[in-house]
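So you can see what is in the structure, the chains are spelled out below.
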Amino acid sequence: MVVKRGEVILAPMAGYTHSAFRRLARQLGADRTYTELISAPGIIHRGIPKKYAYFTPLERPIHIQLFGRNPYEISRAAVKVAQELKPDAIDINFGCSVPKVLKTGAAGKLLENPPVIKEIVKMTVEALKPYRIPVTAKIRLGLHEDNLEKIAEALIEGGVSAITLHPRLGAQGYAGRADWKRIADLKRISPVPVIGSGDVKNWRDIDRMFEETECDAVMVGRAALSNPWIFTEYREKRDIEIPLKWRLETILLLLEWMFEYYPSREKACFEIRSLLVQLLKGFSQSREIKSYLMTVKGCEEFVNRLRELIERFTTESAKSSL
Ligand SMILES: Cc1cc2nc3c(=O)[nH]c(=O)nc-3n(C[C@H](O)[C@H](O)[C@H](O)COP(=O)(O)O)c2cc1C
């Protein structure tokens, strides 16, 4: 069984869930991680992109997520990934519905074409057999209309080992609510594990999704970006307040990990800004801190200011505990 019952998983999120954040999530209690979507034709023509695909053993079990539109291309890219990286699974994205991707006929566009979904999964499962690497899939309900049962049938006939469902239409983006009832519907018809995704906002919602849908595993996306401690909260069944100082220390830790695989320290310091905004959400001082950290001339100044802030908040919390 690829995914065990009761697992809580960090969702793939492009631009955020690279190696450093996945490592953090695993250390805080996530059971499994995924890379963000990586272009299958890109892998074939230009090789595996380190920025997206780099991972350490600490992030395992890890699924490398691919997208494309052509069964042959996706299966070839999967074999290359299997040979070079030996991930725990290959996930195929059939959900992403941003215009740039839809235009190419890949990912979310395929929700309208279950026979191609089946062909992609079948060829990839076959191609990965010698490597004993399972294939999973991540889907939405459909692109413009709910087509879940047909999509599920195609995936199952293709030989998929687990299905993640984010129960919105592709055309919806993130509007409206994720329809958890459809996760329950999928669970009733699926012989393979079902992972529920969508609108888990706090650790109590994880329990609620398990109860309401009987899904095998729950995936946490946006909520984990500002609160990666959600995985610990769920395990310990309690709210945990994370002070600003810890959050700043976490940003520094993430940055140090990012230096390992970003092409330069400058690039890492630039890219961490999106995670920084997330991790400082909801604090009265965050605005001031963000502008202090974002008006630096270079990476070394960024790191120095971050250290200085950590020092300042250490002294302040020591004072307030006197
Ligand atoms: C910024 C962002 C990037 C995302 N990138 C991916 C991706 O690369 N692959 C994927 O399958 N889903 C991606 N998703 C969808 C999430 O994995 C998840 O299914 C969705 O956000 C719903 O869960 P949530 O309400 O817990 O965030 C992305 C979502 C966000 C917000």
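Residues numbered from 1 in each chain as written. Predicted model: local features only at pLDDT ≥ 70, side-chain atom pairs only at ≥ 80, totals over all residues.

Student: Hey, could you go over the domain arrangement of the chain for me, with residue numbers and the actual values?
Tutor: Assigned domains within the chain: domain 1 (7-236) and domain 2 (244-320). Using only C-alpha atoms to locate each centre, domain 1 and domain 2 end up separated by 30 Å. At the interface, 12 residues of domain 1 touch 10 residues of domain 2. Of all the elements in the fold, those that place two or more residues in the side of domain 1 that touches domain 2 are helix H1 (19-27), helix H3 (50-53) and helix H10 (222-226). Here the side of domain 1 that touches domain 2 gets 5 residues from one element, more than from any other, and that element is H1. (Domains from an automatic or database assignment. Contact = placed C-beta atoms within 7 Å. Helix = DSSP H or I, 4+ residues; strand = E, 2+ residues; numbered from the N terminus.)

Student: An account of the site of the ligand is needed here, citing residue identities and associated values.
Tutor: Among the 21 residues in the neighbourhood of the ligand, the closest are listed as Ala11, Met13, Glu36, Gly221 and Arg222. In the shell around the ligand, the residues fall into 9 nonpolar, 8 polar and 4 charged. (Near = placed C-beta within 6 Å. Nonpolar A, V, L, I, M, F, W, Y, C, P; charged D, E, K, R; others polar.)

Student: Give a detailed account of the nonpolar core, specifying residues and quantitative values.
Tutor: Of all hydrophobic cores here, the largest spans 99 residues; its most connected members are Leu66, Ile163, Val220 and Leu254. Sort the elements by how many residues they give to this core and helix H12 (residues 244-258) lands first, with 7 residues. Residue assignment places this core across two domains, with domain 1 (7-236) and domain 2 (244-320) each supplying three or more. Contacts of Leu66, omitting those with residues within four sequence positions, involve Ile38, Ala40, Ile74, Ala77, Ala78, Ile90, Ile92 and Asn93. (Core = buried A, V, L, I, M, F, W, Y, C linked by C-beta atoms within 7 Å. Buried ≥ 20, exposed ≤ 12 C-beta atoms within 10 Å, placed from the backbone.)

Student: Describe unusual backbone geometry, listing the residues and the values that go with them.
Tutor: Of the consecutive residues Arg60 and Pro61, the connecting peptide bond is found in the cis state with omega at -5°. By the secondary structure assignment, Pro61 is in the loop between H3 and strand S4 (62-67). Of note in the backbone geometry, Lys86 takes a positive phi value of approximately 45° without being a glycine. With 13 C-beta atoms counted inside 10 Å, the residue Lys86 sits in the partly exposed group.

Student: An account of helix H4 (residues 71-85) is needed here, citing residue identities and associated values.
Tutor: A turn of α-helix holds 3.6 residues, and therefore any two residues three or four places apart point the same way. End to end, H4 covers 21 Å across 15 residues, agreeing with the expected 21 Å (1.5 Å per residue, within 8%). Among all positions of H4, only Pro71, Glu73, Ile74, Ser75, Ala77, Ala78 and Val81 are buried. In this structure, the buried side of H4 is in contact with helix H2 (40-46), S4, strand S5 (89-94) and helix H6 (114-128). (Expected span 1.5 Å × (residues − 1).)

Student: Please give an account of the packing of helix H8 (residues 180-189) against helix H9 (residues 203-213) that cites residues and values.
Tutor: H9 packs onto H8 with a crossing angle of 50° between their chain directions and a minimal axis gap of 8 Å. Here H8 is positioned oblique relative to H9, judged by the angle of their axes. For the element pair H8 and H9, the recorded crossing hand is right-handed. Contacts between H8 and H9 involve Trp180, Ile183, Ala184 and Lys187 from the former and Met209, Glu212 and Thr213 from the latter. Across the contact of H8 with H9, the residue classes tally to 4 nonpolar, 1 polar and 2 charged. (Axes fitted to C-alpha atoms, helices over the stretch in contact; angles between N-to-C directions. Parallel < 35°, antiparallel > 145°, perpendicular 65-115°, else oblique. Left-handed = near helix turned anticlockwise from the far one by under 90°.)

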